[in-house]
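Observations on the model geometry
Each chain, written out:
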Amino acid sequence: MPDWSTVLDFVGLYLIPGLVTGSIYALGAIGVSLLFGILRFAHFAHGDLMTLGAYLALSVVTGFGWPALAAVPLAAAGTAIIAVGLDRAFYRPFRQRPTIISVIASFGVMLMIRSAVQLIWGVQSLEYKSGIEQPLVFFDQLRIQERHIWIVGATGLLVLALHLLLTRSRIGRAMRAVSDEPDLARVTGISTERVIQFTWLIGGALAATSGVFIGIDSHIDSYMGWNLLLPVFAAAILGGIGQPIGAAAGGLALGLIEELSTYPWIGDNPLVSPDYKTGLAFTIMVALLIWRPTGLLRGRQF
Amino acid sequence: MSAPLLEASKLVGGYGGMDILNGVDIAVGSTEIVVIVGPNGAGKSTAMKAIVGLIPLKSGHVAFAGEDITGAAPEHLTARGIAYVPQERNVFRTLTVQENLAMGAYLRRDDIGPVTAQIYELFPALKDKRRQRAGELSGGQRQMVAIGRALMNEPRLLLLDEPTVGLSPKVIEEIFERIQAINGAGVGILMVEQNARAALTIAHRGYVLATGRNRFTDSAEALLANRDVAEAFLGGAG
Amino acid sequence: MDTGMILYLLSLATMTGLYAILTLGLNLQWGFAGMFNAGIAGFFAIGAYATSILTTPPAEDRFGGFDLPIPLGLAAGVLLSAVLGYAIARICLRLKSDYLAIATIGIAEILRLILRNEAWMTGGNRGIAGIPRPFEDMEQPWGELCFLLLVAGIVVVLYVAIERAWHSPWGRVMRAIRENEEAAEAAGKDVVAFRAHVFSLGAAVMGLAGGLMAHYLKFIGPDATEPILTTFLAWVMLIAGGSGNNRGAVLGAGVIWVIWSGTELLTQRLPPDWQTRSSYIRVFLIGLLLQIVLQRFSHGLLPERPPRPPESDSG
C-alpha cells in the first residue's frame, strides 16, 4: 500500500503536468486532424500557428496589460483570420493537385511564419508575466499550480464545444461530410470552400490557444511551435486521421505518456531520460506509422 | 407525349482527351423509368456523368425542363431538381443514416420532418438503423441510404448509376421494387444498369449503348423481345 | 581583385557544389523513386559526424579521434547513410507521401537528439572541431581552389553516373515504376526493393555531401548545419531548378545558393542591429520564393496522371 505522500507527489509532479502537456497537444492535434481530414494533407506549418498565437497574445498582454488567459480570444481570432489568409494565398492554388505539393507549400509557410515572428518580436525567450506563483495546496501536500487548472479545464470545455459543433450544428455536419466524401458533399450542395475556410478558422484558433497555454505553462520562443509539431502529428495519427476528438484523446495520452515516462517506475532513475522525453512522442509516432497507420481508434487510412 | 423532362443529344466526350462517347442521345419523360444498358466500355456511366457535369463534353447538349444545363456542375443540378446517386462513394460513411438524409436536404431551409418520414416509409429498414453510421450498414442498406439522401430534396428526376452492383438477387429485387414506388410517386428515373434484363423488366424504355453510341432504342418490352438485342447485349442475370 | 573577393567567390562556388551534391541525392529519391524525404538533414548529419569522429586527432573528452585518412572517413559516412537509408526505406515505403514526410522528419529529429545528448560520442552541443580539410596545408587561395576542384569533380562524376543510370535498363525500370506502379508490379518487378535501393543511394550521396561539408567547415555540431534550413534549402533548390531532373538539381543549387549567400553579403553592409534581423528576412524571402516557384513552375515536378475512368466503363 503506497503511502499518501508518494501518491500525492506522483499526482502533483507527474500526473498533473502530464494532463497539462496532454491538453496542449490535444488542442494542436485537433486542428491537424481536421485539416488532414478535410484538406487531406499534413499541415507542417501548424506548429508555427501555435507560435504565432502565443506571440499575438504577448502583444495583447504587453499592450493592454491583461493577463494571458484573457488574451486568448483575441490571439485566437487573429490567428484564425491569418490562417484563412494563408490558405487563400498558399494552399488554395493547389486544391486539385497532388497533396504532397500542399505539404511542400506548408513547409515554406512554416519558415515564413517563424521568420516573421523572429523579425517582429525577436528571438529571446520571453514570458507573459514574471515572478513565481505560489501553487495551490490541497490535502496539505498536493501542490497544483492554478494555471494548470485553467489550462486543463479550458481544454476540456473546448473539446466538448468542438464535439457539439461537429455533431449538432449544420456546419459541423458539413465538415464531417466533406471529410468523408468531398465529391458527394459537393453534389449535395455543400460549399466545400466555405467548409474549408471554417476549418482553418477553427484550426487556427485552437492552435493559438494551445500556443498561449504553452506560454503560460513555461515560456515563449520562436521555436516553441516547431518543437510541438511532431508530438501533435503523433497525437493526430494516434487518434485516427479525420477523427478530431480521437486526436484530442491521442494528445492527452501522449502528454501523459511523456510525463509519466520520466517517473522512476523501476528503481531510482527515470524510466526514460528527460533528454529523450520529447523523442518519445516521435518514436511512438514512427512506430504507429509503420505498424498501424489507422491509429488506435481506427480512423481512415489515407 | 409532352416534351421530355431530360433531353441529352449528341454527347461527345470522355476522360483526359479520350472520347468514350461518340454521339449519344438520351431522353427521359417526367413519369418514365428509363434504363441505359450495354456491354462494358460502352460508355453507360460516362454518359450519365456527362449529363451531370462530372466529365467535360466536347460537344452535345443537355436540357432539363427546357433549360440548357450542358456542363453545369452537379451542385447546380441539385438545386434545380435533379438528384444523382453515383455508383461508388455514395454515402457519408461516418455520418449516421439520419445525418446522411439531413445532408441530402442541405439546401433546404424548411422543416425536413415530413420528407424524412416519407423516406423512412419508403425504406422501413432504415428507420431502425437511423442512428447507425452509414459505413456500418450492409451493401443493400447503404444503397437505400444513398437513394434516400438523393430524394430528400424532392427531385423531379433521379439519376442512378448501377444501383444494384454487388447486391444479392433478393436485395436487387427489393431495390427495384422501391425504384418503381419512387417512380409511382411522380419522379422520373434514369438508371444505368448491368443487370440489364431485370432492369428492363421494371422500365418503360431502354437505351442500348455500344462503343459510345446508341445501338438500340425502344420500349423496354420490345428490347426484351428482340432476339438480337437479347443475345448480344442482355446476356447475364435476368 | 583582392584576396577577400577571391576567397568569397571560391567559398560561394564550393558551397554551391556541396549543395549540388545534396540536391542530386535528393533528386535520386524524389525524381527517380518518387519518395518525399523531409529528413535530409539526418543523412547529412550522419555523413558529417561519421567522418568527423574518424578523421579528427584524438580528443580526451569524447570517443573517436582516430585520425584516419579523409577518404576513409568519407567512405564510412557514405556507407552508414546508405545503410540507414535502406532501412528507413524498407520500413516506410508503404506509407503515403505525407506520412513518409512526417516519418522522415521524425527520424531526423530523433537523430539530432541523439547527436546532442550522447556527448561522449559526438561532443554534444559543443560539437566536433578541428576537422581536417583536404589541401589545407597548401597556400591560400590555392588550397581552397583545389578543394573546390575536388568538389566540382565529384559533382561532375555524380551527374554523369546518375544520367547514365537513368538511361540504363535499370533506369527504365525505375521510370516505369514511377509512372505506373501497379503495372510494374504486375510485370513482376520488385518495386519495394528497387525503390529502397534508390532511396539508399540518395541517402549515400547526401551522406557524402555532409561529410564534405564537415571537412570544409572544419566544424560540426547538432545545430551547426541548421537542419531544418538545410532540408528546406535542398527542396527549394530542387523545385526551383524545375521538373525534378538532374540538371535542374545542379542549376537550382547554384541559383538558390547564390541568392542565399548574395543576400547575406548585402545584409553585411547594414548597420549592426539590422544584421540579425536580416537573416530572418532572408529566410522569409526564401520561403516566399518557394511559394512563387511552386505556384508558377511546379508542373513538371510530378508525373500527374489524368483521372482514371472506373473499371466498369473504361475504354
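All values reported here derive from a predicted model rather than from experimental measurement.

Definitions and cut-offs
- Just so you know, the residues in each chain are numbered from 1, in the order the chain's sequence is written.
- Just so you know, chain letters begin at A and ligand numbers begin at 1, following the order they were written in.
- Local features in this predicted model are restricted to residues of pLDDT 70 or higher, and side-chain atom pairs are both shown and tallied only at a pLDDT of 80 or more, whereas totals for entire chains, interfaces and linings draw on every residue.
- Secondary structure counts use DSSP, requiring at least four H or I residues in a row for a helix and at least two E residues in a row for a strand, with both numbered from the N terminus.
- Residues with at least 20 other C-beta atoms within 10 Å of their own are called buried, those with 12 or fewer are called exposed, and the rest are partly exposed. The C-beta atoms themselves are positioned from the backbone.
- Orientation is described by lines fitted to C-alpha atoms, with helices fitted over the stretch in contact, and by angles between N-to-C directions that extend from 0 to 180 degrees.
- In what follows, roughly perpendicular refers to angles from 65 to 115 degrees, roughly parallel to angles under 35, roughly antiparallel to angles over 145, and oblique to any angle outside these ranges.
- Crossing handedness is defined as follows: a turn of the near helix away from the far one that is anticlockwise and smaller than a right angle gives a left-handed crossing, while the clockwise case is right-handed.
- Residue classes follow a fixed rule: Ala, Val, Leu, Ile, Met, Phe, Trp, Tyr, Cys and Pro count as nonpolar, while Asp, Glu, Lys and Arg count as charged, and any other residue, Gly among them, counts as polar.
- Note on pairing: two strands pair once DSSP finds at least 2 bridges between them.
- Two residues form a contact once the distance between their C-beta atoms, set from the backbone, is within 7 Å.

Another point: unusual backbone geometry. In this structure, E162 of chain B takes a positive phi of about 50 degrees despite not being glycine. Position of E162 of chain B relative to the elements: it lies in the loop between β7 (157-161) and α7 (169-184). The exposure class assigned to E162 of chain B is buried, which follows from the 24 C-beta atoms found within 10 Å. A positive phi is found at F135 of chain C, a non-glycine position, where the angle reads about 65 degrees. Locating F135 of chain C in the fold gives a position in the loop between β1 (128-129) and α6 (142-167). Of the residues examined, F135 of chain C has 16 C-beta atoms within 10 Å and is grouped as partly exposed.

This part is about the packing of helix α3 (residues 68-91) of chain A against helix α8 (residues 192-217) of chain A. Residues and elements named next belong to chain A. Running from N to C, α3 and α8 cross one another at 140 degrees; their axes reach a closest spacing of 7 Å. Classified by the angle their axes make, α3 and α8 are oblique. Viewed along their axes, α3 and α8 form a crossing whose handedness is right-handed. Among the residues forming the contact of α3 with α8, the class breakdown is 18 nonpolar, 6 polar and 1 charged.

Residue and element names in this part refer to chain B. Read from one edge of the open sheet, 6 strands run β6-β7-β8-β3-β9-β10, paired in mixed fashion. Each having just a single partner strand, β6 (82-85) and β10 (213-219) make up the two edges of the open sheet. Sheet twist, expressed as the mean angle between neighbouring strand axes with direction ignored, is 15 degrees. The pairing of β6 with β7 spans 4 bridges and is classified as parallel. In the strand pairing of β7, I82 is matched with L157.

On the chain C side, the residues contacting the 33 residues of chain A number 34 residues. For the side of chain A that touches chain C, the elements supplying multiple residues, two or more each, are α4 (99-121), α9 (224-238) and α11 (277-291) of chain A. Among the elements that make up the side of chain A that touches chain C, the one with the highest residue count is α4 of chain A (15 residues). Grouping the constituent residues of the side of chain A that touches chain C by class yields 26 nonpolar, 6 polar and 1 charged.

Residue and element names in this part refer to chain B. In this fold, V85 is placed in strand β6. A residue is classified by how many C-beta atoms lie within 10 Å of it, and V85, with 23 of them, is buried. For the pair V85 and N195, spaced 110 residues apart in sequence, the C-alpha separation works out to 17 Å. Sequence-distant contacts of V85, defined by excluding residues within four places in its chain, comprise N90, A146, I147, A150, L159, L160, D161 and P163.

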